[in-house]
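# A look at the structure
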Amino acid sequence: KRSLCFDLLRSAVAGISHINTQIQSSSSSTSTISSPPLVTRVQRQLIQFAEFATRCIPGESDPRCLLQLLELLHSIQVAFQNWFLVAEFSDTVFPNEEFFEAVAPYYPIQFTPPPNNIHGITREGLHSELISVLTFTKMDNAAKSHRKPTMLGCSIGLFLEQLLPSQPDEEIPSTLEKLEAMECLSTLLFSTDEASGDSECKNLTVSEVRILLKALRATHDEASLGVSEGGESGDQNKILADKCRSFVSRVAWELEKLGDTSLWETFVLEPLEKDIKRLKLSPAYAKTSIAYQACLAASGGPRTLRACLAKGLGPLLDYLDENLEDSEDSLAAIHGLSAFFSSCRVALSKSKEEGVELTPHPLETYAERSCILLLKVVENEGPIYSLSLRIAAT
């Protein structure tokens, strides 16, 4: 019976796909499909079908049936998308929230194939189909126009919860689970086709950007500290910290390109401002912040580069001006200078490849001060500075 039900539902979706193909290939149908009354009637009937499909999945525990249902829901999203790119009325918006609520309880997938896995169901297969539903955002614009829930707005909170649980009594996700959540966020915000340059960052709200930043910073700092554990755990934490920095840089660059000052300032400038005090107080204590900012400076875009230098490199120079001595803080500050200079070189190289010349030079304000401070350490022949400090300054 289940097999017949699936066949019936899949056939209905295939029929819609076939109609879409006929409409696209038939110029005579163009005027008909553009008729608002007809589109509205079709939208309402498709919504009824889509909502019926979502009611089939809650409570499903058979992995084979769950996989088929997830595949069905995603095929509905793909087949129906052209009908829901715009919606004249609020009740003709695609039911993103219903789709999300139907599948969200299954995230993250908790499944271990049994020894006699005759159907070949894998956790990876279930995860892939689940994420394909949760990251389908092509019908969000119509939902936004009527202030209805979008798939982006629903799913981003779900993935961030895996990085930073909101309740203190919740089980702390493992490093591997956090890595998976990072992949999910990347799939949600960035097109798998890099050549298209498409990004969902433009559709984030200031509130969502602030929550995203909080989760990424917390995950990055924790993973950076976890690298010192060594072994397999240390290796996993290193990968997670690197992914966080790369992801943050990519988001910063996308927000900078948008020209939306409020989003960029929330994601880039606000945390840089908060880090200034830590950098001036104890660079050794702020090592994770230095690593974070240096990576952001290298790949976040020209405006982000200058902001990182002003809010990161500047305070480190201020610290060394007043506290240059043989200490862990001075050593960390000098390493920080090196990281920012290296990041600037990477950023300038990327800009040159894109045919953009940054003027004035981003380091113009800091080069002379840096050279004077470092030369004090390198040229000092007395017992004031240790060998490790001199090597770092070289």
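What counts and how
- Residues numbered from 1 in each chain as written.
- Predicted model: local features only at pLDDT ≥ 70, side-chain atom pairs only at ≥ 80, totals over all residues.
- Heavy atoms only, no water.
- Phe/Tyr/Trp six-rings, centres within 6.5 Å; stacked < 30°, edge-to-face > 60°.
- Helix = DSSP H or I, 4+ residues; strand = E, 2+ residues; numbered from the N terminus.
- Buried < 20%, exposed > 50% of the residue type's maximum accessible area, 1.4 Å probe, protein only.
- Lys NZ or Arg CZ within 6 Å of the ring centre and 35° of its normal.
- Expected span 1.5 Å × (residues − 1).
- Contact = heavy atoms within 4.5 Å.
- Polar contact = N/O pair within 3.5 Å; in protein donor to acceptor, adjacent residues only side chain to side chain.
- Core = buried A, V, L, I, M, F, W, Y, C linked by side-chain atoms within 4.5 Å.

### Brief notes about the packing of aromatic side chains
Using the criterion set out here, one finds five aromatic pairs in the structure. With centroids separated by 5.4 Å and ring planes inclined at 70 degrees, the aromatic side chains of Phe-84 and Phe-94 adopt a geometry described as edge-to-face. Placement of the pair is Phe-84 in the loop between α4 (63–80) and α5 (96–103) and Phe-94 in the loop between α4 and α5, with a sequence separation of ten residues. Here Phe-84 matches Phe-94 in class, with each residue buried. Aromatic pair Phe-94 and Phe-99: ring centres 4.9 Å apart, planes at 55 degrees, arrangement tilted. Like Phe-94, the residue Phe-99 is buried in the burial classification. Ring-pair connections join several aromatic residues into one group, and the members of that group are Phe-84, Phe-94 and Phe-99. One Lys or Arg, Arg-217, reaches over the ring of Tyr-292 and ends 4.0 Å from the middle of that ring. Over the aromatic face of Phe-190 sits the side chain of Arg-250, whose NZ or CZ is 3.9 Å from the ring centroid.

### Topic: α4
Spanning 18 residues, α4 covers 26 Å between terminal C-alpha atoms, matching the ideal 26 Å at 1.5 Å per step. Of all the residues in α4, the buried ones are Cys-65, Leu-66, Leu-67, Leu-69, Leu-70, Leu-72, Leu-73, Ile-76, Gln-77, Ala-79 and Phe-80. Of the surrounding elements, those touching the buried residues of α4 are α1 (2–25), α3 (36–54), α5, α6 (123–134) and α8 (151–163). Backbone nitrogen of Arg-64 and a side-chain oxygen of the N-cap are separated by 2.9 Å at the start of α4; the cap is Asp-62.

### Section: the nonpolar core
Counting 109 residues, the largest nonpolar core has Ile-76, Leu-212 and Phe-267 as its most contacted members. Top element by residues in this core is α4. It accounts for ten residues. Sequence-distant contacts of Ile-76, that is, excluding residues within four places in its chain, are made with Val-13, Phe-49, Ala-50, Ala-53, Phe-94 and Phe-99.

### Focus: the side chain of Asp-275
By the element assignment, Asp-275 lies in helix α12 (residues 261–281). Overall, the relative accessible area of 4% leaves Asp-275 in the buried class. Not counting residues within four places of it along the chain, the set of residues in contact with Asp-275 comprises Arg-217, Ser-289 and Gln-293.

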